[in-house]
Amino acid sequence: AARAKAGGKSGIVWSFSPEQQIKIKNGPFAGFYAELQTAVDANDRIKAQLALFGGPRVVELSAFDIEAI
């Protein structure tokens with residue numbers, strides 16, 4: 001799985017990788033668990049799949065709003 005690299009706006013080296021399970025800490029989906037679909041991009045954002053009512057949904061989130069589980 002591809003790893004995120006330094007070079008995002010924050011300069012932080014993120015260790016999140018696709019298919020990793022994460023918990024959302026902030027925002028409208030706070031408390032939800034999800035599976036990453038992408039590594040962190042140059043804008044410190046990721047895409048994750050949530051299991052919501054009506055089926056899975058892919059959402060874009062800030063890497064600051066998620067944590068590894």
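Refer to the structure printed above.
Residues numbered from 1 in each chain as written. Predicted model: local features only at pLDDT ≥ 70, side-chain atom pairs only at ≥ 80, totals over all residues. Heavy atoms only, no water.

A. View of the environment of I46. Here I46 lies in strand 3 (residues 45–52). Placed 16 residues apart in sequence, I46 and S62 show a C-alpha to C-alpha distance of 6.3 Å. Setting aside residues up to four positions removed in sequence, I46 forms contacts with L36, T38, A39, V40, V59, E60, L61 and I66. (Helix = DSSP H or I, 4+ residues; strand = E, 2+ residues; numbered from the N terminus. Contact = heavy atoms within 4.5 Å.)

B. Examining the side chain of D44 more closely. Along the chain, D44 falls in the loop between strand 2 (33–36) and strand 3. In this structure, D44 is buried with no salt-bridge partner, the nearest side chain bearing the opposite charge being K9 at 7.6 Å. In terms of polar contacts, D44 uses its side chain to reach the backbone amide nitrogen of K9, at 3.4 Å. Residues within four places of D44 in sequence aside, it is in contact with G8, K9, S10, W14, L61, S62, A63 and F64. (Buried < 20%, exposed > 50% of the residue type's maximum accessible area, 1.4 Å probe, protein only. Lys, Arg positive; Asp, Glu negative; His and termini not counted. Salt bridge = Lys/Arg side-chain N within 4 Å of Asp/Glu carboxyl O. Polar contact = N/O pair within 3.5 Å; in protein donor to acceptor, adjacent residues only side chain to side chain.)

C. Focus on the sheet that holds strand 4 (residues 55–62). The strand order across the open sheet formed by 5 strands is 4-3-2-1-5, and the pairing between neighbours is antiparallel. The open sheet is flanked by strand 4 and strand 5 (66–68), the only strands paired with a single partner. The sheet shows a mean angle of 40 degrees between the axes of neighbouring strands, taken without regard to direction. Pairing geometry for strand 3 and strand 4, over 8 bridges, is antiparallel. (Pairing = 2+ DSSP bridges. Axes fitted to C-alpha atoms, helices over the stretch in contact; angles between N-to-C directions.)

D. Looking closely at the packing of aromatic side chains. Here the structure, examined in full by the defined rule, presents 3 aromatic pairs. Here W14 and F16 contribute two aromatic rings whose centre-to-centre distance is 6.0 Å and whose plane-to-plane angle is 20 degrees, an arrangement assigned as stacked. Per residue, the accessibility class of W14 equals that of F16, and both read buried. Considering the side-chain rings of F29 and F32, the 6.0 Å spacing of their centres and the 80 degrees angle between planes classify their relative orientation as edge-to-face. What makes F32 partly exposed here is its relative accessible area of 33%. (Phe/Tyr/Trp six-rings, centres within 6.5 Å; stacked < 30°, edge-to-face > 60°.)

E. Looking closely at unusual backbone geometry. Non-glycine residue E19 carries a positive phi angle of around 75 degrees. Among the structural elements, E19 can be located in the segment before strand 1 (21–24). Not every positive phi belongs to a glycine, and D44 is a case in point at roughly 60 degrees. The buried category is assigned to D44, whose relative accessible area is 5%.

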